[in-house]
Amino acid sequence: MAMVEFKIKVHEKQGIAYIPKEIRECMGLEFKLTANRTACVLYPKNAGLEDVVKSLRIILQDLEHALEMKSKRSRS
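Reading the values: rules and limits
Residues numbered from 1 in each chain as written. Predicted model: local features only at pLDDT ≥ 70, side-chain atom pairs only at ≥ 80, totals over all residues. Heavy atoms only, no water. Helix = DSSP H or I, 4+ residues; strand = E, 2+ residues; numbered from the N terminus. Rg over C-alpha atoms; globule rule 2.2 N^0.38 Å. Buried < 20%, exposed > 50% of the residue type's maximum accessible area, 1.4 Å probe, protein only. Contact = heavy atoms within 4.5 Å. Areas by Shrake-Rupley, 256 points an atom, 1.4 Å probe, with all protein chains shown as cover. Pairing = 2+ DSSP bridges. Disulfide = S-S within 2.5 Å.

**Q** A description of the overall build of the protein should follow, citing residues and the corresponding values.
**A** Within the protein, the regular secondary structure consists of two helices and two strands. A compact globule built from 76 residues would reach a C-alpha radius of gyration of about 11 Å, whereas the protein, at 15 Å, exceeds it by more than 25%. Seen through its C-alpha atoms, the protein measures out along the principal axes to roughly 45 × 35 × 25 Å. Burial status across the protein gives 8% buried among its 76 residues. In the protein, the proportion of contacts linking residues at least 24 apart, taken out of those at least 6 apart, comes to 7%. Taken as a whole, the protein presents about 7200 Å² of accessible surface, with 55% of it coming from carbon and sulfur.

**Q** Help me get a handle on the environment of G28, residues and values and all.
**A** Tracing the backbone through its elements, the reader meets G28 in the loop between α1 (21-27) and β1 (31-35). Accessibility expressed as a relative area gives 25% for G28, which makes it partly exposed. It is 20 Å that separates the C-alpha atoms of G28 and I59, two residues lying 31 residues apart in sequence.

**Q** Please provide a residue-by-residue account of the environment of L29, values included.
**A** In this structure, L29 sits in the loop between α1 and β1. By relative accessible area, L29 is classed as exposed at 71%.

**Q** Tell me about the pairing of β1, and please be specific about residues and values.
**A** Examined bridge by bridge, β1 and strand β2 (residues 40-44) share five bridges and lie antiparallel to one another. By the bridge assignment for β2, A35 is matched with C40.

**Q** Summarise the state of the cysteines; cite the residues concerned and give the values.
**A** If you walk through the whole model with that rule in mind, you get zero disulfides. With no disulfide partner, C26 has as its closest neighbouring cysteine sulfur the one in C40, 16 Å distant. A relative accessible area of 45% places C26 in the partly exposed class.

What follows is the structure, encoded as structure tokens:
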């Protein structure tokens, strides 16, 4: 899956969230979620942790690049 951002909203009373079709098609229907106070990672339940970590490094690099670009634009 290419780098893409989805906005996920949880129904306040039911506690249910819609998972976009693109995510379900790519990752299946059963997940694991690991979280801390600020962020979480959602991954297929059968994914190898090595692959999850490698993917997270790629996502982190992309986020860092976005921050650099934002900083450069604000200096211009």
